[in-house]
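Tertiary structure, described
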Amino acid sequence: MYKIVKAEKLADKIYLMDVVAPRVATHCEPGEFVIVKMDEKGERVPLTICNFDREKGTITIVFQTIGASTTRMAELKEGDSFMDIVGPLGNPSEFVHEDLEVLKKKKMLFVGGGVGAAPVLPQVKWLHEHGIDVDVIIGAKNKEMLILEDEFKAVSGNYYPCTDDGSYGWNGMVTTKIEDLVSQGIKYDECVAIGPMIMMKFCCLLTKKLEIPTIVSMNPIMVDGTGMCGACRLHVGDEIKFACVDGPEFDGHLINFDEAMKRQAIYKTEEGRKMLELQEGDTHHGGCGVCGGDK
Ligand code: NAD
Ligand code: FES
């Protein structure tokens, strides 16, 4: 069992929990995710790790209530436990393996949207702890929906909150803030954009035009998170990849977001899943990464 030592509501339908999971906390890196199962009846929910404390042996997860399982998860309180937390899964963010001296010379921009701001935090924090302060744009519908503001302020070089309704910070979507910063003459070498699919799509369309290489996290299309269900299959350039096994982070300029979003909608129904299995044959599954699966 995995004990919850902190449970907090961050905004409408968005919850943060610190959970004792020492083995995950010891080994995890920014970009990786866990699969959380509340109890026997709970679905497997893949969640990017939002923070970790190796000394305390805790990890932080942030989730939005979007279905029955996450709604039941939100009812858990400090002192309650999750039945299962599996991880760390997936691959760490690329910069974790880059030469620090090379990294220090780069001007990096991180963009988080809505609840997708949570997975941005461990990346910005890791870079800050390694002497690199990056620019951070966080977008939300309004001031009340903006999450983890103090945490971002503490580890960012420049922090730019944006709201769609102009109730706080920059008035407009994150893409308009990227344009604003670039128009001021700031030259970014790399961008990391994590949030809703539609946000990542439009960030990538813009950064492609601006010639800023961009990484995105395809966590939103995952379902079982083990390579077996086929939900997270996507084209990255000409290659077929699986977000949970090969990602979750990919070169955003190589992703066909329209295809991924359309496939995500089809996958939601039983009939749609059967049709995708027929069309995709042996390439429908990604393999668990251990046994080779059906790949
Ligand atoms: P939201 O709809 O409030 O959008 C957040 C911000 O994204 C907006 O404030 C805006 O700045 C930007 N945005 C939205 N649409 C845009 C567009 N068309 N063009 C440019 N910018 C745009 O976000 P939400 O409701 O909190 O989002 C929830 C989604 O985030 C879920 O679908 C979930 O799957 C996804 N998510 C993604 C990740 C990931 O790893 N990529 C992680 C957690 C959650
Ligand atoms: Fe099921 Fe990746 S989430 S195959």
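Everything below is about the structure shown above.
Cut-offs used in this document
- Residues numbered from 1 in each chain as written.
- Chains lettered and ligands numbered in written order.
- Predicted model: local features only at pLDDT ≥ 70, side-chain atom pairs only at ≥ 80, totals over all residues.
- Heavy atoms only, no water.
- Buried < 20%, exposed > 50% of the residue type's maximum accessible area, 1.4 Å probe, protein only.
- Helix = DSSP H or I, 4+ residues; strand = E, 2+ residues; numbered from the N terminus.
- Arc of directions from axis to C-beta.
- Contact = heavy atoms within 4.5 Å.
- Polar contact = N/O pair within 3.5 Å; in protein donor to acceptor, adjacent residues only side chain to side chain.
- Salt bridge = Lys/Arg side-chain N within 4 Å of Asp/Glu carboxyl O.
- Phe/Tyr/Trp six-rings, centres within 6.5 Å; stacked < 30°, edge-to-face > 60°.
- Near = heavy atom within 4 Å.
- Areas by Shrake-Rupley, 256 points an atom, 1.4 Å probe, with all protein chains shown as cover.
- Nonpolar A, V, L, I, M, F, W, Y, C, P; charged D, E, K, R; others polar.
- Pairing = 2+ DSSP bridges.
- Patch = residues over 30% accessible without salt bridge, like charges linked within 9 Å, V, L, I, M, F, W, Y side chains within 5 Å.
- Axes fitted to C-alpha atoms, helices over the stretch in contact; angles between N-to-C directions.
- Parallel < 35°, antiparallel > 145°, perpendicular 65-115°, else oblique.

**Overview of helix H9 (residues 257-267)**
If you check which residues of H9 are buried, you get Phe-257, Ala-260, Arg-263 and Tyr-267. The buried residues of H9 occupy an angular sector of 130° when projected down its axis, which confines them to one face. Its buried side turned inward, H9 meets helix H7 (197-209), strand E14 (214-217), strand E15 (233-236) and helix H10 (270-280). Two or three places before Asp-258, at the opening of H9, Asn-256 has a side-chain oxygen 3.3 Å from that residue's backbone nitrogen.

**A closer look at the pattern of salt bridges**
Pairing is possible between side chains that carry opposite charge, provided their charged atoms lie close to one another. In this structure the tally under the stated criterion is 12 salt bridges. A salt bridge links Asp-135 to Lys-107; the nearest nitrogen and oxygen atoms lie 3.5 Å apart. Here the residue Asp-135 occupies a position in strand E10 (residues 135-140), and Lys-107 occupies one in the loop between helix H3 (100-104) and strand E9 (108-113), the gap between them amounting to 28 residues. Lys-107 gets classed as partly exposed once you look at its relative accessible area, which sits at 30%. Among the charged side chains, a salt-bridge network with shared partners connects Glu-98, Lys-106 and Glu-190.

**Side note on the packing of aromatic side chains**
Following the criterion strictly, the structure yields four aromatic pairs and no others. A centroid spacing of 5.3 Å and a plane angle of 50° characterise the contact between Phe-95 and Trp-126, whose relative ring orientation is tilted. Highlighted residues: Phe-95 in the loop between strand E8 (84-89) and H3 and Trp-126 in helix H4 (residues 120-129), separated in sequence by 31 residues. The exposure class assigned to Phe-95 is buried, which follows from its relative accessible area of 4%.

**Regarding the site of ligand 1**
Val-115, Lys-141, Asp-164, Val-174 and Ser-217 are the nearest of the 23 residues found near ligand 1. In the model, an oxygen atom of ligand 1 is placed 3.0 Å from a nitrogen or oxygen of the Val-174 main chain. About the coverage of ligand 1: the protein hides 80% of its 860 Å² of free accessible area. When residues of the shell around ligand 1 are traced back to their parent elements, those giving at least two are E10, helix H6 (174-183) and H7. Considering each element in turn, the shell around ligand 1 owes the most residues, four residues, to H7. When the residues that make up the shell around ligand 1 are grouped by side-chain class, the tally is 12 nonpolar, nine polar and two charged.

**Brief notes about the sheet that holds E9**
By way of backbone hydrogen bonds, the strands of a sheet pair with one another, either parallel or antiparallel. Taken together, the seven strands give an open sheet; going across it, the order is E12-E11-E10-E9-E13-E14-E17, and neighbouring strands pair in mixed fashion. The open sheet has two edge strands with one neighbour each: strand E12 (170-171) and strand E17 (249-251). The sheet contact formed by E9 and E10 spans five bridges and is parallel. Paired with Gly-113 across the two strands is Gly-139, which belongs to E10.

**Overview of a nonpolar patch on the surface**
On the surface, a nonpolar cluster with roughly 290 Å² of combined accessible area is contributed by Ile-198, Phe-202 and Leu-205. Residue placement: Ile-198 occurs in helix H7. Taking relative accessible area as the criterion, Ile-198 reaches 45% and is therefore assigned partly exposed.

**Remarks on the side chain of Ser-217**
Looking at where Ser-217 falls in the secondary structure, it is placed in strand E14. Classification of Ser-217 by relative accessible area gives buried; the value is 4%. Among residues more than four places away in sequence, those in contact with Ser-217 are Ala-193, Ile-194, Met-200, Pro-248 and Glu-249.

**Quick look at the packing of H9 against H10**
Axis separation between H9 and H10 bottoms out at 7 Å; the angle between their running directions is 125°. With respect to H10, the element H9 is oriented oblique. Within the contact between the two elements, H9 uses Arg-263, Ile-266 and Tyr-267 and H10 uses Gly-272, Arg-273, Met-275, Leu-276 and Glu-280. Across the contact of H9 with H10, the residue classes break down as four nonpolar, one polar and three charged.

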